[in-house]
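If you want the building blocks of each chain, they are given just below.
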Amino acid sequence: MALQRRSLLAGLGGAAFLCSGLPNMAEARTVTRTFDIMRGRSRIGSEKLTVTRNGGAVSVAIDVDIKVRILGLPAYSYTLRTRENWEGGRLVSLNSKCNANGKSDFAKARATRSGLKDEGSKSPGTYWAQGILPRPVWINTQTGYPMEIQARKVGIVPFPYGGGTTRAAKYRCTGDIGLLDLFYDANGEWIGNEFEVRGQKVRFVVASKGAALAPLSPVA
């Protein structure tokens, strides 16, 4: 059974937005974090997030790969490659390519004096930076369409981490994104998310945490 496209895009999509007030960091620093993508008890893919910060410049690379097999036969495949560049707290460029079961999409965006300009089949972004959550309008990473989102903190809950569980702040996102739960640890680090596809839970869980991501965030 293939993954339902709308539910999958809601879980994988994110947001791009303009912001200001980024504190300066003199030394370049790169952090990589990887996630296992689980559908029920089966691992169906991975996400690799790489963030590099050099002073006020931040670059973000997101690589998602999903393959679903049924009875050993390929049933669904998905790849996403997103590259973001930020300067002084503003998103200045984004390039994204996606292939969902053979259907290709791409997104390009660049900052102009009048704001963010789309140049591709639409535009971009990510929710690894917790500062996005209060913002009412996100832009879907794959489709580029603006989404009206309401994110509210549900509470502190256990979430899979490091072979066990950890206490995590759970945020429930509703609106144009459908239903998506995001999880952040006590330091504001994104450690996973959950959504449903055809009645089955899809969950992103940390496979390799690396160093802290929060200090590199382009979101003030």
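Here, every reference points to the structure presented above.
Residue numbering note: each chain is counted from 1, following its sequence as written. Only residues with pLDDT of at least 70 are given local features in this predicted model, and only at 80 or more are side-chain atom pairs given and counted; all residues enter the totals for whole chains, interfaces and linings. With hydrogens and water excluded, all non-hydrogen atoms of the structure serve as input to the side-chain values.

(A) Quick look at the overall build of the chain. Helix numbering and strand numbering both begin at the N terminus, where a helix is a DSSP run of H or I of at least 4 residues and a strand a DSSP run of E of at least 2. Within the chain, the regular secondary structure consists of one helix and 13 strands. Sequence-ordered secondary structure for the chain, helices as α and strands as β, is α-β-β-β-β-β-β-β-β-β-β-β-β-β. Residues classed as buried in the chain amount to 46% of the 220 residues present. Taking contacts inside the chain between residues at least 6 apart in sequence as the whole, the part at least 24 apart equals 50%. All accessible areas in this document rest on Shrake-Rupley with a 1.4 Å probe, and a residue is counted as covered only by the protein chains that are shown. If you sum the accessible surface of the chain, you get close to 10500 Å²; carbon and sulfur atoms cover 50% of it. Summary of the burial criterion: residues with accessible area below 20% of their type's maximum are buried, those above 50% are exposed, and those between are partly exposed, where the area comes from a 1.4 Å probe applied to protein chains only. Should any heavy atoms of two residues lie within 4.5 Å, those residues are considered in contact.

(B) Representation of the nonpolar core in the model. By nonpolar core is meant a set of buried Ala, Val, Leu, Ile, Met, Phe, Trp, Tyr and Cys residues that side-chain atoms within 4.5 Å join together. With 49 residues, the main nonpolar core has Trp 138 and Leu 182 as its most contacted residues. Sorting elements by how many residues they give to this core places strand β3 (residues 57-70) first, with six residues.

(C) Examining the pattern of salt bridges more closely. We count a salt bridge whenever a side-chain nitrogen from Lys or Arg sits within 4 Å of a carboxyl oxygen from Asp or Glu. This model, assessed by the stated rule, comprises eleven salt bridges. The shortest N-O distance in the salt bridge between Asp 105 and Lys 103 comes to 3.3 Å. Accessibility expressed as a relative area gives 17% for Asp 105, which makes it buried. Judged by its relative accessible area of 43%, Lys 103 falls in the partly exposed class.

(D) Structural view of the packing of aromatic side chains. Each pair of aromatic rings taken from Phe, Tyr and Trp, with Trp reduced to its six-membered ring, is defined by centres within 6.5 Å and is described as stacked if the planes are under 30 degrees apart, edge-to-face if over 60, and tilted in the remaining cases. One pass over the full model with this rule turns up four aromatic pairs. A centroid spacing of 4.3 Å and a plane angle of 35° characterise the contact between Phe 35 and Trp 190, whose relative ring orientation is tilted. Note that Phe 35 is positioned in strand β1 (residues 29-39) and Trp 190 in strand β12 (residues 190-197), a separation of 155 residues in sequence. Of the two residues, Phe 35 and Trp 190, neither departs from the other in class, the shared state being buried. Here Tyr 171 and Tyr 184 contribute two aromatic rings whose centre-to-centre distance is 5.8 Å and whose plane-to-plane angle is 85°, an arrangement assigned as edge-to-face. Here Tyr 171, found in strand β10 (residues 164-175), pairs with Tyr 184, found in strand β11 (residues 178-184); they are 13 residues apart in sequence, far enough to count as distant.

(E) Summary view of the environment of Tyr 76. Tracing the chain through its elements places Tyr 76 in strand β4 (residues 73-87). It is 7.7 Å that separates the C-alpha atoms of Tyr 76 and Ile 66, two residues lying ten residues apart in sequence.

(F) Structural view of the pairing of strand β13 (residues 200-208). Sheet analysis places β1 next to β13, joined by six bridges and oriented antiparallel. Of the residues in β13, the one forming a bridge with Phe 35 is Val 206. In this structure, the hairpin formed by β12 and β13 is closed by a connection of two residues, where Arg 198 is found at a positive phi of approximately 50°. Two strands qualify as a pair provided that DSSP identifies no fewer than 2 bridges between them.

(G) Geometry of unusual backbone geometry. Positive phi, normally seen in glycine, also occurs at Asn 101, with a value near 55°. Among the secondary structure elements, Asn 101 is positioned in the loop between β5 (90-100) and β6 (103-112). The phi dihedral of Arg 198 is positive, around 50°, even though this residue is not glycine. Relative to the assigned elements, Arg 198 resides in the loop between β12 and β13.

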